[in-house]
Amino acid sequence: MLVNMRELLADAEEKDYAVGSFSVANMEMVLGAIKAFEELNSPAILQIAEVRLKQSPLEVIGPLMVAAAKNAKTPVAVHFDHGKTMEKIGQALDLGFTSVMFDGSHLPLDENIEMTKAVKALADMTNAAVEAEIGCVGGSEDGSEDIAINCTRPEDAVRFESETGVDALAIAIGNAHGNYKSTPKLRFDILEEVDRLTKVPLVLHGGTGITPDDFIRCSHTGIKKINIATATFDSVEKTVRECYNENSINGYYDLQAAEVEGAYQNVKKHILIFGSDNKA
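Participant: Hey, could you run me through the confidence of the model for the protein in this one?
Facilitator: Low pLDDT means the predicted coordinates in that region are not meant to be read closely. Of the residues in the protein, 92% have a pLDDT of 70 or more, and the chain-wide mean is 92. Here residues 139–148 scores under 50 on pLDDT; set against residues more than four positions off or in separate chains, the count is 21 contacts.

Pasting the structure below:
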């Protein structure tokens, strides 16, 4: 069933687990993700980032994501990730997305706050949840930029929460988008301080490559939404390649099944780590 992200994060706060937010690029990935959600009886989030719309136009994949969530047997929010423009954020809301993220992490704090407030006013018209980001998570969603990690200052998080009233706040604690060159060293001291000083559910971006133990520690230290993108894309590509190597693809529908399986396996793995199984 299609739900608001606020509901999912509130339940995760109450029961002390994290909700997985899984990026998708086509129907097969949506089907694989939903299969994992339902099999593990897990609340979850389907998402797509604005930078990915070149490959997956929002007017095409957006209605697909919303329809899949509506027909799912478990609670599923549909999230527009790393929104950069009011035009696309507004389009996602018009399509029925139940949460949107404005990524103003590259802006001065004052400007980020003002833009986030404008996005929140727009989202309030459909009662959608709003996520924002402060500090710079390394890398970029599509790997096109080498953005340096700039960890969140806890005092900025306090001010941001107070002035914007966002529903979720992504912070930078040494995490990065894409594949890490080495195992990341997360700044749990910063996470603990932000968690202590704020009440807003926190979000971890750049989940690919973070260890299960670190995910679990994050989920018990204020992180209630964890984004997974690259790991699922990699899993789909790997599964398809292995099937070709094993000569088990004998036509388009075998290829489609391999894509679904690749998404399903990775989503399932992360749901079990995050502890959201049997929480629906």
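Participant: So what exactly am I meant to see when it comes to the sheet that holds strand β3 (residues 76–83) here?
Facilitator: Here we have eight strands rolled up into a closed barrel, ordered β1-β2-β3-β4-β5-β6-β7-β8, and parallel in their pairing. Strand-to-strand twist in this sheet, taken as the mean axis angle between neighbours without regard to direction, amounts to 25 degrees. Those strands touched by helix α4 (residues 86–94) are β3 and β4 (99–102), and its axis lies near 170 degrees from that of β4. This element, helix α8 (residues 212–219), spans β7 (202–204) and β8 (223–228) of the sheet and lies at about 140 degrees to β8.

Participant: Where do I start with the environment of valine 51 in this structure?
Facilitator: Note that valine 51 resides in the loop between β2 (44–49) and α3 (58–71). Here the alpha-carbon distance between valine 51 and threonine 208, two residues 157 residues apart in the chain, equals 18 Å.

Participant: Please clarify how the pairing of strand β6 (residues 168–171) should be interpreted in this entry.
Facilitator: Residues in a regular strand project their side chains so that they alternate between the two faces of the sheet. Burial along β6 is two-sided: Ala168 and Ala170 and Leu169 and Ile171, pointing in opposite directions, are all buried. Here four bridges tie strand β5 (residues 129–134) to β6, and the two strands are oriented parallel to one another. Bridging from a neighbouring strand, alanine 132 pairs with leucine 169 of β6. Note that β6 and β7 share two bridges and pair parallel. Residue pairing in the sheet places leucine 169 in a bridge with leucine 202 of β7.

About the thresholds
Counting starts from 1 at the beginning of each chain's written sequence and moves along it residue by residue. Where local features are concerned, this predicted model is filtered to residues with pLDDT of at least 70; where side-chain atom pairs are given and counted, the filter is 80 or more; whole-chain, interface and lining totals use all residues. Where side-chain values are given, they derive from all heavy atoms of the structure, hydrogens and water being excluded. As a per-residue quantity, pLDDT reports the predictor's confidence and falls between 0 and 100. Working rule for contacts: check all heavy atoms of both residues, and any pair within 4.5 Å makes them a contact. Pairs of strands are assigned from DSSP output, requiring at least two bridges between the strands. Numbering goes from the N terminus for both helices and strands, where a helix is a DSSP run of H or I of at least four residues and a strand is a run of E of at least two. Helix axes use the C-alpha atoms of the stretch in contact, all axes being lines fitted to C-alpha atoms, and the angles between their N-to-C directions lie in the range 0 to 180 degrees. Relative accessibility thresholds used throughout: buried, under 20% of the residue-type maximum; exposed, over 50%; partly exposed, between the two (1.4 Å probe, protein chains only).

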